Amino acid sequence: MTRPWSDRWASAKSSFLDRRPISRIPWSAIRRIGQSRLLSLTIVVPFLGSVILFNQAVVDVLTLSPELVRRWLHLDSQTEQVHTIAHNLTLSRLYYVYFGLSFLGFGSSLFALFCPTIVKDHSSATHFQAAEINLASKPRIHILLSDAAREAYFWDWDWPDGDDVVAFKTSMIVRRAGLPVDFRVLFHRVVGEVYAEWCRRNSKREEDDHSDYQNVRGMPWPWKIGRAIAYPKHRPETFFADEMLDAAYEEATRADVLALAYMAYDNTKPVLRVWTVAFYGIGFSLLLIPTVQTFYSVLRSFIA
């Protein structure tokens, strides 16, 4: 029996979201394009492109050779008509170039404005660790782990009922499609290590103080610990968060916290990352059209 269209659509949608397509385009992947000095100059194209590209002198210089156009198109037309066709072909290519560079400029603008500074300055978590491991102070580690906890809370939407303390505007579809699984796994591991250090420092406290952040099996509950670090709701949680942040400064966990923070920044602003990649994709596609057209015309003329 054929399944209803709604069921097939729901199944296809679920399968697509489970592939986590947005998580495959972190800022560090976009950085390879966005950091290009030549590409960064395209930011000015939407404003100056019409003056530069559509200047009559520029058009005259870039006009395709009428003789080449006649050969490419196999024309037997009069000279004036061939000149007109060559002029029109040149203008059509300039339109593709203008809009292609404009979309690249839009993408470069989004990258320059919204890509986190840490990702701009460091190509990977390893480079960030090497640069910061001997320089990161305790307040710096506090900030990095707090930011990582807020980002983990954003992606980990499976909250216990009534325990969510922040309402996010980003849709559940975007968050499901962009869930960085590797970041969440590392966050749970690092939080578990930091919590173990906190337990060693507070071994003389009552058992109830520890059980507040453990599951029914007595294991650390990463979601609840992370939520307390990111958004403490009352004074005891604030004290706990401060002590956890102090424990994270230990040499054994400092490098992991740095890697975790880089991954957190690398996966921020999923909607803006999608728009940035979309602008880059459209821009390069438009620039490719006249290139393919020219290649085809030359190849066809050569074969003929």
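Preceding block: the structure.
Residues numbered from 1 in each chain as written. Predicted model: local features only at pLDDT ≥ 70, side-chain atom pairs only at ≥ 80, totals over all residues. Heavy atoms only, no water.

A word on the packing of aromatic side chains
Here's step 1: Applying the stated criterion across every chain, the model contains 14 aromatic pairs.
Here's step 2: With 6.1 Å between their ring centres and 45° between their planes, Trp221 and Trp223 make a pair best called tilted.
Here's step 3: With a relative accessible area of 32%, Trp221 lands in the partly exposed category.
Here's step 4: Members of the aromatic cluster, each reached through a chain of ring pairs, are Phe103, Phe106, Trp275 and Phe279.
Here's step 5: A cation sits over an aromatic face here: Arg175 above Phe154, 5.0 Å from the ring centre.
Here's step 6: A cation sits over an aromatic face here: Arg254 above Tyr249, 4.3 Å from the ring centre. (Phe/Tyr/Trp six-rings, centres within 6.5 Å; stacked < 30°, edge-to-face > 60°. Buried < 20%, exposed > 50% of the residue type's maximum accessible area, 1.4 Å probe, protein only. Lys NZ or Arg CZ within 6 Å of the ring centre and 35° of its normal.)

Description of the pattern of salt bridges
Here's step 1: Summed over the entire model, instances satisfying the criterion amount to 8 salt bridges.
Here's step 2: Where Glu132 meets Arg140, a salt bridge forms, and the shortest distance between an N and an O atom there is 3.5 Å.
Here's step 3: Of the residues examined, Arg140 reaches a relative accessible area of 28% and is grouped as partly exposed.
Here's step 4: Across the salt bridge formed by Glu197 and Arg201, the nearest N and O atoms sit 3.3 Å from each other. Here the residue Glu197 and the residue Arg201 both occupy positions in helix H12 (residues 181-201), the gap between them amounting to 4 residues, near one helical turn.
Here's step 5: Each of Glu197, Arg200, Arg201 and Glu250 takes part in a single network of salt bridges with overlapping partners. (Salt bridge = Lys/Arg side-chain N within 4 Å of Asp/Glu carboxyl O. Helix = DSSP H or I, 4+ residues; strand = E, 2+ residues; numbered from the N terminus.)

Structural notes on unusual backbone geometry
Here's step 1: One non-glycine residue, Arg20, adopts positive backbone phi at about 55°.
Here's step 2: On the secondary structure map, Arg20 appears in the loop between helix H1 (5-18) and helix H2 (27-34).

Some details on H12
Here's step 1: Over its 21 residues, H12 runs 30 Å from end to end, which matches the ideal 30 Å to within 8%, given 1.5 Å per residue.
Here's step 2: Listed in full, the buried residues belonging to H12 are Phe183, Phe187, Val190, Val191, Val194, Tyr195, Glu197, Trp198 and Cys199. (Expected span 1.5 Å × (residues − 1).)

So yeah, pure geometry; function would need other evidence.
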